[in-house]
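# A structural walkthrough
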Amino acid sequence: MEIEDNVEASVKDKEEKRILKSLAEPLLAWYDANARILPWRENAAPYRVWMSEVMLQQTRVEAVKSYFERFMKALPTIQALAEIDDDALLKLWEGLGYYSRARNVKKTAKIVVEQYGGEFPSNYDDLMELPGIGSYTAGAISSIAFANPVPAVDGNVLRVISRVLASKEDITSQSVKKKVEDELRATMPQLKPGAFNQALMEIGATVCVPNGMAKCEICPLNQLCKANILGIVMDLPKKTPKKPRTIEEKTILVIKSGDKVAIRKRCSKGILAGLYEFPNMEGYLSEKEVLYLVKQMSLSAIRILKLEDSKHIFTHKEWHMIGYVVKVEELEQNNSILKDCFFVEPAEIEERYPIPTAFQRYTKYINIILGNDKFKD
DNA sequence: AACACGGGGCT
DNA sequence: AGCCCAGTGTT
């Protein structure tokens, strides 16, 4: 019985290997005719490939386009990136999300300049040592910029391979990803590995799509795709469901003094690390409670206005926010709200301070005129 | 293996 | 409202 199982497994392995090896020809032909024109495809310089791949981590192509072009214009060389000021770097990344990526590209730029003479390493294992470069990005850089036959397995590739092989294994498990990487490393073409990897992802992004109907009619792989043949494309891939988001309630204060507004720098660890924000606290505070706190710091007239409620959704949590604009004069030092805050003009925020999207909506209230009807003593 | 880490677009 | 995206790092 054990022997029969082994024989069966071996037959299945060979079948899978045969299918994977037959992918390259139709895939490369399709890619030649259907590759999208994208900014980072103008040329495959390692610096460009690296930056685009990092930006594309968990981020849609459409969102990355403008960021990539602006970033490469501002920092045309890896030397320029290695030397840029942290706030200026985050300002270039503002709104793109996963800000540790920005910190990591700068760390890597420094290493490449100092340890590699400014030239990116080409092989997979060296790339894997660099901050912010994992198995996917190492494979993408090595194959696309240096033509090394190593796989670049992202969510698209996992979905496509899962369907082509009609595999019911859970693609969210790391062991499955590792297995797909190993199988592709053994079967992918030695010629044009960069085009092969990009073609696999491009099929996933434009044909073998995750939501809605996969376009199997126009897929170059439809004749050899087991899920298509078996009619189970919509049932694949299998994934374990995600944990529900936790909800956090916050009160945001837009504190105005003259033409300036109070902001502060966030902690260097955790969510939105190192970005700037309006002072805020846990929980919903009433107008009275805010006023009480604000009175401790302001010696004279105070006006306050409640703002519209807002909600910001992250991957793993939701911020439900209420906000107030508060006009203050004559500040006392070292009060609790304004601890770590400093006052800046709106124009400075726009050009200098990176503000996460969750707080961006409150910037429009900086210039609000507070009427006398809201005056409180 | 599980979790933290952004933001946005599509169904 | 849920899904998921050209994933990586930490625990």
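Note that the coordinates shown come from a computational prediction; the quantities given were computed from them, not determined experimentally.

## A word on the nonpolar core
Burial of nonpolar side chains together is a common tendency in soluble globular proteins. Within the largest apolar cluster, 102 residues are counted, with the highest numbers of intra-cluster contacts made by Trp50, Met51, Phe71 and Leu81. A domain split of this core shows at least three residues from each of domain 1 (2-235) and domain 2 (246-376). Apart from the residues lying within four places of it in its own chain, the contact partners of Met51 are Phe68, Phe71, Met72, Leu81, Trp93 and Val105. Of all hydrophobic cores here, the second largest spans 15 residues; its members include Ala262, Met281, Leu291 and Cys341.

## What about the protein's contact with DNA strand B?
Taken together, 21 residues lie near DNA strand B, and Gln58, Tyr99, Gln174, Leu272 and Thr315 sit nearest. In the interface set of DNA strand B, defined as its atoms within 4 Å of the protein, sugar plus phosphate atoms amount to 51%. Contacts to DNA strand B include Tyr99, whose side-chain N or O atom sits 2.6 Å from a phosphate oxygen. In the environment of DNA strand B, a phosphate oxygen lies 2.4 Å from a nitrogen or oxygen atom belonging to the backbone of Leu272. Taken together, the residues of the surface near DNA strand B sort by class into 7 nonpolar, 11 polar and 3 charged.

## Brief notes about the pattern of salt bridges
Under the definition given, this model contains 16 salt bridges. Between Glu202 and Arg41 there is a salt bridge, with the nearest N and O atoms lying 2.9 Å from each other. Highlighted residues: Glu202 in helix H12 (residues 193-206) and Arg41 in the loop between helix H2 (24-34) and helix H3 (46-55), separated in sequence by 161 residues. Overall, Glu202 belongs to the buried group, its relative accessible area being 2%. Salt bridges linked by common partners bring Arg36, Arg41 and Glu202 together as one network.

## Brief notes about the packing of aromatic side chains
For the structure on display, the rule yields 10 aromatic pairs. On the basis of an interplanar angle of 65° and a centroid distance of 5.8 Å, the ring pair of Trp319 and Phe359 is categorised as edge-to-face. A residue pair is termed long-range when its members are at least 10 positions apart, and Trp319 in strand E7 (residues 317-327) and Phe359 in helix H16 (residues 357-360) qualify at 40 residues. Take Trp319 and Phe359: they sit in the same class, and that class is buried.

## As for the UniProt feature "domain: HhH-GPD" (unreviewed entry) in chain A
Following the UniProt record, the feature "domain: HhH-GPD" (unreviewed entry) maps to residues 55-206 here. The straight-line gap between the two end C-alpha atoms of residues 55-206 is 19 Å; of that span, 64% is helix and 0% is strand.

## Topic: the domain arrangement of chain A
On domain assignment, one finds that chain A holds domain 1 (2-235) and domain 2 (246-376). Taking the mean C-alpha position of each, domain 1 and domain 2 sit 41 Å from one another. Listed as interface residues are 8 residues of domain 1 and, on the opposing side, 17 residues of domain 2. Buried area between domain 1 and domain 2, both sides added, is near 850 Å², and the carbon and sulfur share of it is 47%. The tally of links from domain 1 across to domain 2 stands at 1 salt bridge. At the boundary of domain 1 and domain 2, one finds 7 residue pairs in polar contact (both at pLDDT 80 or more). The element that contributes the greatest number of residues to the side of domain 1 that touches domain 2 is helix H6 (residues 86-93), accounting for 3 residues. Here the residues of the side of domain 1 that touches domain 2 sort into 3 nonpolar, 1 polar and 4 charged.

## Focus on the side chain of Asn222
Looking at the secondary structure, you find Asn222 in the loop between H12 and helix H13 (226-230). Judged by its relative accessible area of 16%, Asn222 is buried. Setting aside residues no more than four positions away along its own chain, Asn222 makes contact with Cys216, Glu217, Asn228 and Ile229.

Cut-offs used in this document
Residues numbered from 1 in each chain as written. Chains lettered and ligands numbered in written order. Predicted model: local features only at pLDDT ≥ 70, side-chain atom pairs only at ≥ 80, totals over all residues. Heavy atoms only, no water. Core = buried A, V, L, I, M, F, W, Y, C linked by side-chain atoms within 4.5 Å. Buried < 20%, exposed > 50% of the residue type's maximum accessible area, 1.4 Å probe, protein only. Domains from an automatic or database assignment. Contact = heavy atoms within 4.5 Å. Near = heavy atom within 4 Å. Polar contact = N/O pair within 3.5 Å; in protein donor to acceptor, adjacent residues only side chain to side chain. Nonpolar A, V, L, I, M, F, W, Y, C, P; charged D, E, K, R; others polar. Salt bridge = Lys/Arg side-chain N within 4 Å of Asp/Glu carboxyl O. Helix = DSSP H or I, 4+ residues; strand = E, 2+ residues; numbered from the N terminus. Phe/Tyr/Trp six-rings, centres within 6.5 Å; stacked < 30°, edge-to-face > 60°. UniProt positions renumbered as here; feature names shortened; annotations may be inferred. Buried area = accessible area lost by both parts, 1.4 Å probe.

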